[in-house]
Amino acid sequence: MIAQTVKDELAPSGKLRIGINYGNAVLASRDAASGELRGVAVDLARELGRRCELAVELVAFESAGKMAAAAKAGAWDTAFLAVEPGRADEIAFTAPYLLIEGTYLTPPGSPIQSIADVDQAGVRVGVSTGSAYHLFLSRNLKQAQMIKAESPNTAFNLIIDGKVDVVAGVRQALMANAAKLPGSRVFDERFMAIEQAIGMPLGRAAALQCLRQFIEDVKASGFVAQALERAGIRGVAVAPADGPKKGI
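Residues numbered from 1 in each chain as written. Predicted model: local features only at pLDDT ≥ 70, side-chain atom pairs only at ≥ 80, totals over all residues. Heavy atoms only, no water.

Asks: How would you explain the packing of aromatic side chains if you had to name every residue and give the values?
Replies: As enumerated under the stated definition, the model contains 4 aromatic pairs in all. Relative to phenylalanine 187, the ring of tyrosine 104 lies with its centre 6.3 Å away and its plane at 80°, an arrangement referred to as edge-to-face. Within this pair, whereas tyrosine 104 is found in strand β7 (residues 98-106), its partner phenylalanine 187 is found in the loop between β11 (185-186) and β12 (192-201), the two being separated by 83 residues in sequence. Relative accessible area serves as the criterion here: at 0%, phenylalanine 187 is assigned to the buried category. Of the aromatic side chains, those joined through ring pairs into one cluster are Tyr104, Phe136, Phe187 and Phe191. Above the plane of the ring of phenylalanine 223 lies arginine 230, whose end atom (NZ or CZ) is 5.6 Å from the centre. (Phe/Tyr/Trp six-rings, centres within 6.5 Å; stacked < 30°, edge-to-face > 60°. Helix = DSSP H or I, 4+ residues; strand = E, 2+ residues; numbered from the N terminus. Buried < 20%, exposed > 50% of the residue type's maximum accessible area, 1.4 Å probe, protein only. Lys NZ or Arg CZ within 6 Å of the ring centre and 35° of its normal.)

Right, here's the structure in full:
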């Protein structure tokens, strides 16, 4: 049983509004015709609502950057997005439930052969604005130039149009796009491990503790692994436990 005070923090309006980033295929997808959302984050969102006895409203975004920016406007109560220091001044996070890889895609005939080759003067890197990998690379690339796009798909279009030399992204999304560009290559290496978690606005300590307990329980119970299996997602690890927690 969830205390009413916790429910009030989780869903101040009485309905739990949960941000879903369908631009990350590991987390979710959206049917082009119906707009229906499916995937791991959607399954977790609905399970969270069921356990907390709250109606759920899924709030869809085409990129993590747009979803994170929408926190300022109060567009969602919780959201499934990556743990990122650049977001910590507005968003509090649970421990991660998934670990996914950030890497690069290069076009056919590219002289760039490894991640070490990317951070060179004159190299243009396409990124989805506000994504975890964009924020990470903004701190770590010293010589390469980042070219920003609105979403992962528009970032891929930059390489199609010859406006960038590599595209950064989530491995699974890059692999899907590589199939559209014969001769392109996704690196086996990664430049970062992206920790996917649940975030919520700062200042809701009781609700955050509830979310942290929820995440530990769905990892330990196998719910996250089963959601990955249902979605057909491969090459993604369930994050390890973050210490003993009591489930909800």
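Asks: Got a sec to walk through unusual backbone geometry? Specific residues and values, please.
Replies: Even without being a glycine, glutamate 53 presents a positive backbone phi close to 60°. Note on placement: glutamate 53 falls in the loop between α2 (40-52) and β4 (55-61).

Asks: Break down the pattern of salt bridges for me, with residues and values.
Replies: This structure, assessed with the given rule, holds 16 salt bridges. In this structure, glutamate 53 and lysine 7 form a salt bridge, with 3.2 Å as the shortest nitrogen-oxygen distance. With glutamate 53 in the loop between α2 and β4 and lysine 7 in helix α1 (residues 4-10), the pair connects residues that are 46 residues apart, well separated along the chain. Taking the shortest distance from any N to any O, the salt bridge between glutamate 47 and arginine 50 comes out at 2.7 Å. Highlighted residues: glutamate 47 and arginine 50, both in helix α2, separated by 3 residues, approximately one helical turn. When its relative accessible area of 11% is taken as the criterion, glutamate 47 is described as buried. A single salt-bridge network, built from bridges that share partners, covers Glu47, Arg50, Arg51 and Asp217. (Salt bridge = Lys/Arg side-chain N within 4 Å of Asp/Glu carboxyl O.)

Asks: For the packing of α2 against helix α7 (residues 205-220), give the residues involved together with the corresponding values.
Replies: Packing of α2 against α7 leaves a shortest axis separation of 11 Å and a crossing angle of 120°. With respect to α7, the axis of α2 lies oblique. The two elements α2 and α7 cross, and the hand of that crossing is right-handed. Residues Leu44, Glu47, Leu48, Arg51 and Cys52 of α2 touch α7, and the partners they reach there are Cys210, Leu211, Phe214, Asp217 and Val218. When the residues that make up the contact of α2 with α7 are grouped by side-chain class, the tally is 7 nonpolar, no polar and 3 charged. (Axes fitted to C-alpha atoms, helices over the stretch in contact; angles between N-to-C directions. Parallel < 35°, antiparallel > 145°, perpendicular 65-115°, else oblique. Left-handed = near helix turned anticlockwise from the far one by under 90°. Contact = heavy atoms within 4.5 Å. Nonpolar A, V, L, I, M, F, W, Y, C, P; charged D, E, K, R; others polar.)

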